[in-house]
Amino acid sequence: MDESVFREFYERTYRSLWLYCSGMVNNDALADDIFQESYIRFLQSDVEFDNEAKMKSYLYRTATNCMRDHWRKMKRERLWFAAEGTEEADSRDPVATRHDLEKTFAGLSPQQRSLLWLAYAESYEHREIAQILDLKEKSVKVLLFRAKQKMVVLAGKLGMTQETTR
């Protein structure tokens, strides 16, 4: 890939990719690492792209795979995380509400987090999400529905209702 072509592609994609990484891992330093690794793998690939949509899809899929690798590695080391207790928080405190939302999001599987982020933060269509996450297009709708349902259940366990999140 020509350097000028890459620079233009990078300028059009770096903000949204970094926000995706940051939103998925909720750790800026780790997001930076995954962000950089994604572009490195992108540049090292021997894949020929015929349009920008395919380039962007490949880049997001690479970032998603980097996150999956990280989560697999950390899963063994953080088994205690699931046993963490939940604290009652003042529902009117925006910091506490954000903390509860982050805990709820962390309670989802990596795939569910990816689905919700790509659909609602990045506004990708089901077809694009299927490409990025290597899923069947028809599966995305069902998996998104299940992810939303699980998010509601987890939020309910933390005492969050629609009134507390407004």
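Residues numbered from 1 in each chain as written. Predicted model: local features only at pLDDT ≥ 70, side-chain atom pairs only at ≥ 80, totals over all residues. Heavy atoms only, no water.

**A few points about the packing of helix H1 (residues 3-25) against helix H2 (residues 28-44)**
Here is step 1: At a minimum axis distance of 9 Å, the contact between H1 and H2 shows a crossing angle of 140°. Our classification of the angle between H1 and H2 gives oblique. H1 and H2 meet at a crossing whose hand is right-handed. Seen from H1, the contacting residues are Phe 6, Phe 9, Tyr 10, Thr 13, Tyr 14, Leu 17, Trp 18, Cys 21, Ser 22 and Val 25; seen from H2, they are Asp 28, Leu 30, Ala 31, Asp 32, Ile 34, Phe 35, Ser 38, Tyr 39, Phe 42 and Leu 43.
Here is step 2: Of the residues assigned to the contact of H1 with H2, the class counts are 15 nonpolar, three polar and two charged. (Axes fitted to C-alpha atoms, helices over the stretch in contact; angles between N-to-C directions. Helix = DSSP H or I, 4+ residues; strand = E, 2+ residues; numbered from the N terminus. Parallel < 35°, antiparallel > 145°, perpendicular 65-115°, else oblique. Left-handed = near helix turned anticlockwise from the far one by under 90°. Contact = heavy atoms within 4.5 Å. Nonpolar A, V, L, I, M, F, W, Y, C, P; charged D, E, K, R; others polar.)

**Focus: the nonpolar core**
Generally speaking, a soluble globular protein has its nonpolar side chains buried in company with each other.
Here is step 1: Grouped together as the largest cluster of nonpolar side chains are 36 residues, with contacts concentrated most on Leu 17, Tyr 20, Cys 21, Met 67, Leu 118 and Ile 129.
Here is step 2: Elements supplying a minimum of two residues to this core: H1, H2, helix H3 (52-77), helix H5 (110-121), helix H6 (126-133) and helix H7 (137-157). (Core = buried A, V, L, I, M, F, W, Y, C linked by side-chain atoms within 4.5 Å. Buried < 20%, exposed > 50% of the residue type's maximum accessible area, 1.4 Å probe, protein only.)

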